[in-house]
Amino acid sequence: MASMDVSLKEMMSIDGALGAAVVDYGSGMALGTLGGSKDLDLQVAAAGNTEVIKAKLRTMDSLGLQDAIEDVLITLSGQYHIIRPMTGRGGKGLFLYLALDRGRANLAMARHQLRGIEERLEV
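Residues numbered from 1 in each chain as written. Predicted model: local features only at pLDDT ≥ 70, side-chain atom pairs only at ≥ 80, totals over all residues. Heavy atoms only, no water.

## Examining the sheet that holds strand S1 (residues 17-24)
Here is step 1 of the chain: In spatial order, the strands read S2-S1-S5-S4-S3; together these five strands make up an open sheet with antiparallel pairing. Whereas interior strands pair on both sides, the edge strands pair on one side only; in this sheet they are strand S2 (29-35) and strand S3 (72-75). Taken pair by pair, the neighbouring strands of this sheet meet at an average axis angle of 15 degrees, ignoring direction.
Here is step 2 of the chain: Sheet analysis places S3 next to strand S4 (residues 79-85), joined by four bridges and oriented antiparallel. By the bridge assignment for S4, valine 72 is matched with isoleucine 83. (Pairing = 2+ DSSP bridges. Helix = DSSP H or I, 4+ residues; strand = E, 2+ residues; numbered from the N terminus. Axes fitted to C-alpha atoms, helices over the stretch in contact; angles between N-to-C directions.)

## What about the packing of aromatic side chains?
Here is step 1 of the chain: Here the structure, examined in full by the defined rule, presents one aromatic pair.
Here is step 2 of the chain: A ring pair is formed by tyrosine 25 and phenylalanine 95, whose centres lie 6.3 Å apart and whose planes are at 25 degrees; its orientation type is stacked. With tyrosine 25 in the loop between S1 and S2 and phenylalanine 95 in strand S5 (residues 94-101), the pair connects residues that are 70 residues apart, well separated along the chain. Of the two residues, tyrosine 25 and phenylalanine 95, both sit in the buried class. (Phe/Tyr/Trp six-rings, centres within 6.5 Å; stacked < 30°, edge-to-face > 60°. Buried < 20%, exposed > 50% of the residue type's maximum accessible area, 1.4 Å probe, protein only.)

In structure tokens, the structure reads:
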């Protein structure tokens, strides 16, 4: 099991990583962040992406889908944003957020690595 600090460092070691956060989607608050910049405010991203997760969960409920979100991918012209809800017993109500530079990232590899980080993270 890995601590939040270790997990954030692992997220930032993914090729192309610009910023990483562990977010409580009940409150929209980032429990931990690493990276970011003046152009990528991780606190604002945490709050905004909380609304993305809540909207998707409401939509799935309205459709009667009995499934879980693996991850949500948002592609921008220069970045990828991956939102991965945690499924482990200690991570219920949390998600991992990772922003990547699209020109330096390998999206498939980043998703694979993020899944491993999520499995090891102990909150």
